[in-house]
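Chain and residue survey
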Amino acid sequence: MVYGVLRFINFAHGDVFMLGAFSGVYLNKWLGPALAGLPWGVSLLIILVLSMAICAALGIVIEFLAYRPLRSRPRLNVLITAIGVSLLIEYSGQLIFGATQQPFPQLIPAENLTFTGGLAVTKTQVIVLVTVVALLIGLRFVVMKSRLGLAMRALSLNPTASALMGVNNSVVISFTFGLGSALAAAGGILYASLYPSVEPFMGILPGLKAFIAAVLGGIGNIPGAALGALIIGITETLVGGYSQAVGLPSGYKEGVAFVILILMLLFKPSGLLGKIEREKV
Amino acid sequence: MLELSDVTVAYGSIAALHGISLRVPEGKIVTLIGANGAGKSTTLRTISGLVKTRGGSIRYDGADITNRAPHAIVGRGLCHVPEGRMVFANLTVQENLRMGAYLQRDKAWISSQTEYVFNMFPRLREREKQAAGTLSGGEQQMLAIGRALLGRPKFLMLDEPSLGIAPLLVKAIFEKIVEINRDQGLTILLVEQNANLALDVSSYGYVLETGKVLLEGPSAELKANPEVQAAYLGA
Ligand SMILES: Nc1ncnc2c1ncn2[C@@H]1O[C@H](COP(=O)(O)OP(=O)(O)OP(=O)(O)O)[C@@H](O)[C@H]1O
Ligand SMILES: [Mg+2]
């Protein structure tokens, strides 16, 4: 999405994901007494929404301070700045939160659900899946149906023309960054609910994989990114599961996403659902 | 209604406009003609705020709009159909029109104006759900004009509406331009390569050459001017 409006890869996205998870840790700590009486679903929702709001604000500030001054400069400058922002957030995180792993609070009660046929899942897995689907539907609605979503799509196709339609491009770019960062925060909280430990570098690998998912699906294409992520996730799990059978350590699964990236860039760089942009001149 | 005084523009170190002054009175069609690279598009882009001036001023409706942001200028009813059409290729015809009405809040006005555009260009109605990038060049031009009309313009700038379009369609589009000027009381600033047609529909014209106004006058006089005939009318 951010790539769509600004044409550069926001390397700091994974770090906002990390900040989202840490927001969850601290919000739970600070609001714990106030949330104590509430059902877990409500307190989860409050923590999720607050973290998303905090990270949305952070994303808007990052764009304003780091990327906006470079908007008319060559794209490479912005790309390098994004790497700088990423490192800044990671090491500031180390300074502020400490370098050691911290446990992530149990926001969703531990419970195993068994279905007929022997399928066993945890309640956390179900809640995470439901939340992700809800967020994706919400995102799709914003992008396809709302006035700002339309402006976002128009801006990504032709910023000069969108300005001539009366769109304040800067506002739409801020909105896009805010929205992207809020979703990254939600991702951080949900991820940390499944793998309950957080540390300042936890965003790097998910950030890279999210990027690969976006390339796989066709960069700038939201349903494509979701599809790409699903394919990578399933392939990783299958490789992890079967690699032991052929005598390989399951750690090899971490390489799957990168193999997919290389294959995609070699054979179909536009991605699975990516369109070659048509424009008659 | 619109007045440029001594406007200077440069791209980096290359000067594009060397002090242009021109006036467009309310309700008129004024044309800007000139060879390639004369600075016609730059003049329109400067009025829209896409390009910043180095000097001079632009006044519109009594207010100074020099170097305002493009979206603020559109908000005053100054709409620009840019060179090369710039329709949003992956958006549908309908979504392109909705983008045109981005600043409009009055739903009833939007639907009646959409109807006006569809009646003017019935092809667009037939292709309402089609991606704009799949339209023919002429259809894209219709869409670009229609989209600008949805911005509730009081002042419309058209940059080479005839570019890459079959002669028959060019005539039709020019008839529409005159019709819009009459029906909607629009003031129009028209940039054209096709000087013959442009001077036919307009009441006043400016001839630009390398960033300067070379000649100006009532369109009929320009058309009769031997210098203009030799250089721009292929006579
Ligand atoms: N973005 C730009 N960067 C640098 N120079 C530019 C840019 N746009 C235009 N120019 C230069 O400014 C001058 C005027 O260009 P402009 O596009 O206004 O001409 P024009 O009269 O519209 O020509 P045409 O009839 O070919 O459309 C040209 O010399 C052109 O090379
Ligand atoms: Mg031009």
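Keep in mind that this is a model prediction, so the values were computed, not measured. (Residues numbered from 1 in each chain as written. Chains lettered and ligands numbered in written order. Predicted model: local features only at pLDDT ≥ 70, side-chain atom pairs only at ≥ 80, totals over all residues. Heavy atoms only, no water.)

Counting 63 residues, the largest nonpolar core has A:Tyr67, A:Val198, B:Phe88 and B:Met99 as its most contacted members. Sorting the residues of this core by element identifies helix H1 (2–6), helix H2 (13–35), helix H3 (40–67), helix H4 (75–97), helix H5 (123–145), helix H6 (147–157), helix H7 (159–164) and helix H8 (169–194) of chain A as the ones contributing at least two each. Each residue touching A:Val198, except ones within four places of it in the same chain, is listed here: A:Ala21, A:Phe22, A:Val25, A:Thr100, A:Gln101, A:Gln102, A:Phe104 and A:Ala192. In terms of nonpolar packing, the next biggest core, distinct from the first, is built from 47 residues, B:Phe121, B:Ala132, B:Ile188 and B:Leu197 among them. (Core = buried A, V, L, I, M, F, W, Y, C linked by side-chain atoms within 4.5 Å. Buried < 20%, exposed > 50% of the residue type's maximum accessible area, 1.4 Å probe, protein only. Helix = DSSP H or I, 4+ residues; strand = E, 2+ residues; numbered from the N terminus. Contact = heavy atoms within 4.5 Å.)

This part covers the site of ligand 1. All names here are of chain B. Taken together, 13 residues are adjacent to ligand 1, and Lys40, Ser41, Thr42, Glu83 and Gln193 come closest. Ala38 places a polar main-chain atom, nitrogen or oxygen, 3.2 Å from an oxygen atom of ligand 1. At 2.9 Å, a backbone N or O of Gly39 approaches an oxygen atom of ligand 1. If you tally residues by element for the shell around ligand 1, the top one is helix H1 (residues 40–47), at three residues. When its residues are assigned to classes, the shell around ligand 1 shows four nonpolar, six polar and three charged. (Near = heavy atom within 4 Å. Polar contact = N/O pair within 3.5 Å; in protein donor to acceptor, adjacent residues only side chain to side chain. Nonpolar A, V, L, I, M, F, W, Y, C, P; charged D, E, K, R; others polar.)

To continue, consider the coordination of the magnesium ion (ligand 2). All names here are of chain B. Protein coordination of the magnesium ion (ligand 2) is provided by Ser41 (OG), Glu83 (OE) and Glu83 (OE), with donor distances spanning 1.9 to 2.7 Å. Taken together, the residues Ser41 in helix H1 and Glu83 in the loop between strand S6 (78–81) and helix H3 (93–100) connect sequence positions 42 residues apart. On the basis of relative accessible area, Ser41 is assigned to the buried category, the value being 15%. On the basis of relative accessibility, which here comes to 36%, the residue Glu83 falls in the partly exposed class. (Donors = N, O, S within 2.8 Å, 3.2 Å for Na, K, Ca; no water.)

The next thing to look at is the domain arrangement of chain A. All names here are of chain A. Considered domain by domain, chain A is made up of domain 1 (2–202) and domain 2 (204–275). When each unit is reduced to the centre of its C-alpha atoms, the spacing between domain 1 and domain 2 is 20 Å. The interface of domain 1 with domain 2 comprises 12 residues on the first partner and nine residues on the second. A combined buried area of about 860 Å² lies between domain 1 and domain 2, and 82% of that area is made up of carbon and sulfur atoms. On inspection of domain 1 and its partner domain 2, the count reaches zero salt bridges. Here domain 1 is connected to domain 2 by one residue pair in polar contact (both at pLDDT 80 or more). Of all the elements in the fold, those that place two or more residues in the side of domain 1 that touches domain 2 are H2 and H5. Per-element accounting of the side of domain 1 that touches domain 2 gives the leading share, four residues, to H5. (Domains from an automatic or database assignment. Buried area = accessible area lost by both parts, 1.4 Å probe. Salt bridge = Lys/Arg side-chain N within 4 Å of Asp/Glu carboxyl O.)

Attention now moves to the packing of aromatic side chains. Summed over all chains, the structure comprises nine aromatic pairs over all chains. Here the aromatic rings of A:Phe22 and A:Phe97 are separated by 4.0 Å at their centres, their planes lie at 5°, and the arrangement is stacked. On the criterion of sequence distance, the pair formed by A:Phe22 in helix H2 and A:Phe97 in helix H4 is long-range, its members being 75 residues apart. According to the relative accessible area criterion, A:Phe97 is buried, its value standing at 17%. Here the aromatic rings of A:Tyr191 and A:Tyr195 are separated by 5.0 Å at their centres, their planes lie at 50°, and the arrangement is tilted. Classification of A:Tyr191 by relative accessible area gives partly exposed; the value is 32%. Through successive ring pairs, a cluster of aromatic residues spans A:Phe22, A:Tyr26, A:Trp30 and A:Phe97. Positioned above the aromatic ring of B:Tyr102, the side-chain terminus of A:Arg147 is 4.0 Å from the ring centre. (Phe/Tyr/Trp six-rings, centres within 6.5 Å; stacked < 30°, edge-to-face > 60°. Lys NZ or Arg CZ within 6 Å of the ring centre and 35° of its normal.)

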